[in-house]
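Breakdown of the fold
One-letter residues, chain by chain:
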There are 2 protein chains.
Amino acid sequence: MGTRYSIRDLADEFDVTTRTLRFYEEKGLLSPKRDNQVRNYSNADRTRLRLILRGKRLGLTLEESSNIILMYDPVNQNTNQLLALIEKIQEKRNQLIEQQKDLELMLQDLDDAEQRCRESLKFTDKR
Amino acid sequence: MGTRYSIRDLADEFDVTTRTLRFYEEKGLLSPKRDNQVRNYSNADRTRLRLILRGKRLGLTLEESSNIILMYDPVNQNTNQLLALIEKIQEKRNQLIEQQKDLELMLQDLDDAEQRCRESLKFTDKR
DNA sequence: AATTACGTTTACGTTAACGTCAAGCTGATG
DNA sequence: CATCAGCTTGACGTTAACGTAAACGTAATT
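This report concerns the structure included in the present document. What you see is a predicted model; the values in this text were computed from it and never measured.

**Brief notes about the protein's contact with DNA strand D**
Neighbouring DNA strand D are 16 residues, the closest being A:Thr17, A:Tyr24, A:Leu62, B:Arg22 and B:Arg39. In DNA strand D, the atoms that sit within 4 Å of the protein are 69% sugar and phosphate, with bases accounting for the remainder. At a separation of 2.8 Å, a phosphate oxygen of DNA strand D approaches a polar backbone atom of A:Leu62. Elements with a contribution of two residues or more to the surface near DNA strand D: helix H2 (18-26) of chain A together with helix H1 (7-14), helix H2 (18-26) and strand E2 (38-40) of chain B. Among the elements that line the surface near DNA strand D, the one with the most residues is H2(A), at four residues. Residues belonging to the surface near DNA strand D are distributed by class as follows: five nonpolar, four polar and seven charged.

**Re the interface of chain B and chain A**
Contacts between the two partners involve 44 residues from chain B and, on the opposite side, 44 residues from chain A. Both sides of the chain B and chain A interface together cover about 4,200 Å² of buried area, and 67% of this is carbon and sulfur. For the pair chain B and chain A, the number of links is eight salt bridges. Between B:Arg57 and A:Asp102 there is a salt bridge whose closest N-O contact spans 2.5 Å. The interface formed by chain B and chain A includes 12 residue pairs in polar contact (both at pLDDT 80 or more). Of all the secondary-structure elements, those providing two or more residues to the side of chain B that touches chain A are helix H3 (43-57), helix H4 (62-71) and helix H5 (79-126) of chain B. In terms of residue count, H5(B) provides more of the side of chain B that touches chain A than any other element does, 31 residues in total. Residues that form the side of chain B that touches chain A fall into these classes: 22 nonpolar, 10 polar and 12 charged.

The rules behind each value
Residues numbered from 1 in each chain as written. Chains lettered and ligands numbered in written order. Predicted model: local features only at pLDDT ≥ 70, side-chain atom pairs only at ≥ 80, totals over all residues. Heavy atoms only, no water. Near = heavy atom within 4 Å. Polar contact = N/O pair within 3.5 Å; in protein donor to acceptor, adjacent residues only side chain to side chain. Helix = DSSP H or I, 4+ residues; strand = E, 2+ residues; numbered from the N terminus. Nonpolar A, V, L, I, M, F, W, Y, C, P; charged D, E, K, R; others polar. Contact = heavy atoms within 4.5 Å. Buried area = accessible area lost by both parts, 1.4 Å probe. Salt bridge = Lys/Arg side-chain N within 4 Å of Asp/Glu carboxyl O.

Take a look at the structure:
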């Protein structure tokens, strides 16, 4: 434990550029320690990066990912804030469930498309 | 059948601006008939729009959506093209399945986050 | 000591996906 | 007939998410 990563370590591991990591930091999505001005990432930073990139793959903006990450750690909040947070979480979950439906529809469409392709192949072969 | 739509009909139905529809046309994603210079959309156009917007919700670029839509109609292709198309379809499906996994992970994370929220609420109530 | 390899900040450039005018045409309506 | 709503085609503006290049510091290697 206590593993630490350079900017290059993370860039290589997650296949992003160092520019991207600096940009995420500029936007407040990451805030690695500095060793004499040099960025030094913790496992927590690494996890946040994973979440950001997962969000990206799902089509979220960086701001959305940022907001979601904030939901993960409900420390030091009063009751009203916690209730508001639960609202937001449920809303985001509903959005994701809608997205799940879209995704299955597209998978179904692709299956149909492949079937039609194979049908076309049959005729193409016959001649 | 044979229903036709004005640019406003579609814009209102799908909650996009007319600018968006013209932009999609400019990019070759839609090509409605013209009645005396005025755009006149068919059910096929409407379906394509639905597919484009579904792609957007899944985080696809317009070009990706465009490519996928091309896969849906394998008319007039030779054997090699059909085989290549099947390859593409399977590749896209694999990507979507990866995305499905990301999505379930995020749903799981959100559930966990909500649980932690409710835990915090308990303590907040106790005092 | 000079080169190489990596890091830093600063700043301007780029692309996708539209938004936002401007200027004009067209058909219906008071 | 005037005017108004709704369509058209440019054309320039905007934002997110980086890319790219300049100019510099530093540590290790030759």
